[in-house]
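# Survey of secondary and tertiary structure
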Amino acid sequence: MYSTSLLSELLGKDATMTDLNMSLLLVDFSEFYDLEFNNSILNVTYNLDETTIACQEFTISLSINIAVCVLFVHIFLLAIPGNLIVGLVILSNLRFLSPSDIYLFHLVIADILMALTLPFFSTSVVAGWIFGDIMCKLVNLVKEANFYTSILFLVCISVDRYMVIVRAMEARKVQRIFCSWAVCFVVWILGVLLSLPALYNEVHYITDKDLPICAERFEFDSSDEWRIATRVMRHLLGFLLPLCVMLTCYGVTVARLLRTRGFQRQRAMKLIAAVIVAFLLCWTPFNIATMVDTLMRANLVRNDCSAKNGVSLAMFITQSLGLLHCSVNPLLYAFVGEKFRMRFFNMIHRTRKIERFTPSRSTRSTSQSSEGVSHFL
């Protein structure tokens, strides 16, 4: 702006203050504005980057929430009794356990613990997380630990089937049973260690009017880095590497079974196929959805608001499908197997009429239980 002294010089030395004030109203500042603000600046065209716009908070419709809640209840009602029956049948034959039975027993424990978290999640879907911060961390820690351990026990079973059928290691059964218990201990420790990022879960509100949610909450300046790191670990150790091991072991095992004949071999191939199909159907959609979300957070794929909302909805639905696997395992590893059904009915029969068993029949039942390539598979 022009100073008072400069205006005084322009108006003359004899100008009064009143004249000076009047001149301030009459001076044409157009040349000054043309100098200070180039008109070309006002005509700049801006391109809007949609990725920098804050998306509206993603919300799931009430009908989807109710459907997922009902699904969780059904999974809980199927998984708890199914896995308990499998566990009781295994414990009723402690003297004749195979390494696969040991892995299956620990898989039952993992599935039961996973199923016990479902009432918390089904309630939070409808009413929000009402159980506090400590339970938020604990329930997610249990869920994550059993997510890893259940998949690792599936891998252990596939490796054991490979060692028995392909490598013919049944002769070293005692040594293998001792190693199986040691492997189970390592799997539980590894599962707990891999699930420690679940401690970042806490209760918070997206907005003041929303229900409380239990979700990961990292430091703002490093949230994407931490989330991507934990996701990559989950993708590799929780899906891709176990899947590669399972496909390799079961692929070689099926190739060996195809070169043999017999009804038991055909039944084993059907069960192996069912195991792989169930694992892929339950966990592949969720892992694909989370992989896409990871790529979006790393800005490797398109991540506008519509894509983010679509992936969030896909993760919410496919996670429910993955949890369904804990109720499918008893059907696959137990009820489909003829030897398990024989053990189950024998256990019921012994419970009701144990005094009517003869020594010869008991001996014959024992010998039948110990026959075959595997007890349950």
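These numbers were taken from a predicted model, which means no experiment stands behind them. (Residues numbered from 1 in each chain as written. Predicted model: local features only at pLDDT ≥ 70, side-chain atom pairs only at ≥ 80, totals over all residues. Heavy atoms only, no water.)

Our next topic: the overall build of the protein chain. Broken down by element type, the protein chain carries 15 helices and two strands. The buried share of the protein chain, reckoned over its 377 residues, is 38%. Across the protein chain, every contact between residues at least 6 apart in sequence was considered, and the portion connecting residues at least 24 apart equals 78%. Roughly 22100 Å² of accessible area belongs to the protein chain as shown, and the carbon and sulfur atoms make up 65% of that amount. (Helix = DSSP H or I, 4+ residues; strand = E, 2+ residues; numbered from the N terminus. Buried < 20%, exposed > 50% of the residue type's maximum accessible area, 1.4 Å probe, protein only. Contact = heavy atoms within 4.5 Å. Areas by Shrake-Rupley, 256 points an atom, 1.4 Å probe, with all protein chains shown as cover.)

Under the defined criterion, the tally for this structure stands at one disulfide. There is no disulfide at cysteine 156, and the cysteine sulfur nearest it, in cysteine 184, is 6.4 Å away. No disulfide involves cysteine 282; its sulfur sits 9.1 Å from the nearest other cysteine sulfur, which is in cysteine 326. (Disulfide = S-S within 2.5 Å.)

If charged atoms from side chains of opposite charge come close, those side chains can pair. As enumerated under the stated definition, the model contains three salt bridges in all. Residue aspartate 293 is joined to arginine 231 by a salt bridge in which the shortest nitrogen-to-oxygen separation is 2.6 Å. A residue pair is termed long-range when its members are at least 10 positions apart, and aspartate 293 in helix H11 (residues 263–297) and arginine 231 in helix H10 (residues 223–258) qualify at 62 residues. A relative accessible area of 7% places aspartate 293 in the buried class. (Salt bridge = Lys/Arg side-chain N within 4 Å of Asp/Glu carboxyl O.)

Moving on: the nonpolar core. Grouped together as the largest cluster of nonpolar side chains are 55 residues, with contacts concentrated most on Phe72, Met246, Tyr250, Phe279 and Trp283. Within the residue set of this core, elements represented by two or more residues are helix H5 (62–91), helix H6 (99–116), helix H7 (118–127), helix H8 (132–165), helix H9 (173–194), H10, H11 and helix H14 (338–353). Considering every element that reaches this core, the biggest residue donor is H8, with twelve residues. Apart from the residues lying within four places of it in its own chain, the contact partners of phenylalanine 72 are Leu118, Phe121, Ser122, Val125, Ser320 and Leu323. Counting five residues, the second largest nonpolar core, distinct from the first, contains Met296, Ala307, Val311 and Met315. (Core = buried A, V, L, I, M, F, W, Y, C linked by side-chain atoms within 4.5 Å.)

Relative to the helices and strands, isoleucine 134 resides in helix H8. Measuring from C-alpha to C-alpha, the distance between isoleucine 134 and glutamate 202 comes to 8.0 Å, with 68 residues separating the pair along the chain.

What follows is about a nonpolar patch on the surface. A cluster of nonpolar side chains, contributed by Phe185, Val186, Ile189, Val192, Leu193, Leu196 and Leu199, occupies part of the molecular surface with about 650 Å² of accessible area. Along the chain, the position of leucine 193 falls in helix H9. Under the relative-accessibility criterion, leucine 193 is labelled exposed at 53%. (Patch = residues over 30% accessible without salt bridge, like charges linked within 9 Å, V, L, I, M, F, W, Y side chains within 5 Å.)

According to the stated counting rule, one finds nine aromatic pairs in the structure shown. Ring centres of phenylalanine 147 and tyrosine 148 lie 5.2 Å apart, and the angle between their planes is 75°; this geometry places the pair in the edge-to-face category. Each member of the pair phenylalanine 147 and tyrosine 148 is classed as buried. (Phe/Tyr/Trp six-rings, centres within 6.5 Å; stacked < 30°, edge-to-face > 60°.)

Attention now goes to the packing of H5 against H6. Axis separation between H5 and H6 bottoms out at 9 Å; the angle between their running directions is 155°. It follows from the interaxial angle that H5 and H6 lie roughly antiparallel. Here H5 runs over H6; the crossing is left-handed. Judged by residue contacts, Phe76, Ala79, Ile80, Asn83, Leu84, Val86, Gly87, Ile90 and Leu91 of H5 engage Asp101, Leu104, Phe105, Val108, Asp111, Ile112, Ala115 and Leu116 from H6. (Axes fitted to C-alpha atoms, helices over the stretch in contact; angles between N-to-C directions. Parallel < 35°, antiparallel > 145°, perpendicular 65-115°, else oblique. Left-handed = near helix turned anticlockwise from the far one by under 90°.)

On to the environment of alanine 278, then. Mapped onto the fold, alanine 278 is located in helix H11. Since its relative accessible area comes to 10%, alanine 278 is described here as buried. Alanine 278 sits 51 residues away from asparagine 329 along the chain, and the two C-alpha atoms are 8.6 Å apart. Beyond its immediate sequence surroundings of up to four residues, alanine 278 is in contact with His325, Val328 and Leu332.

This paragraph deals with the UniProt feature "transmembrane region" (unreviewed entry) in the protein chain. The sites that UniProt annotates as "transmembrane region" (unreviewed entry) are residues 64–91, 103–127, 147–166, 178–200, 236–259, 271–292 and 312–336. Taken end to end, residues 103–127 is 96% helix and 0% strand, and its two terminal C-alpha atoms sit 37 Å from one another. (UniProt positions renumbered as here; feature names shortened; annotations may be inferred.)

Along the polypeptide, cysteine 249 turns up in helix H10. It is 6.0 Å that separates the C-alpha atoms of cysteine 249 and valine 159, two residues lying 90 residues apart in sequence. Excluding residues within four positions of it along the chain, cysteine 249 makes contact with Ser158, Val159 and Tyr162.

For the rest of this paragraph, the subject is unusual backbone geometry. Backbone geometry at asparagine 299 places phi at a positive 60°, although glycine is not the residue there. By secondary structure assignment, the location of asparagine 299 is in the loop between H11 and helix H12 (305–323).

What follows covers the confidence of the model for the protein chain. Mean pLDDT over the protein chain stands at 76; residues scoring 70 or higher make up 69%. Mean pLDDT across the elements of the protein chain bottoms out in helix H15 (residues 359–369) (40) and peaks in H6 (91). Across residues 20–26, where pLDDT falls below 50, the model places seven contacts with residues more than four positions away in sequence or in other chains. Confidence drops under pLDDT 50 across residues 357–375; counting only partners more than four residues distant or on other chains, this segment forms 29 contacts. (pLDDT = per-residue confidence, 0-100.)

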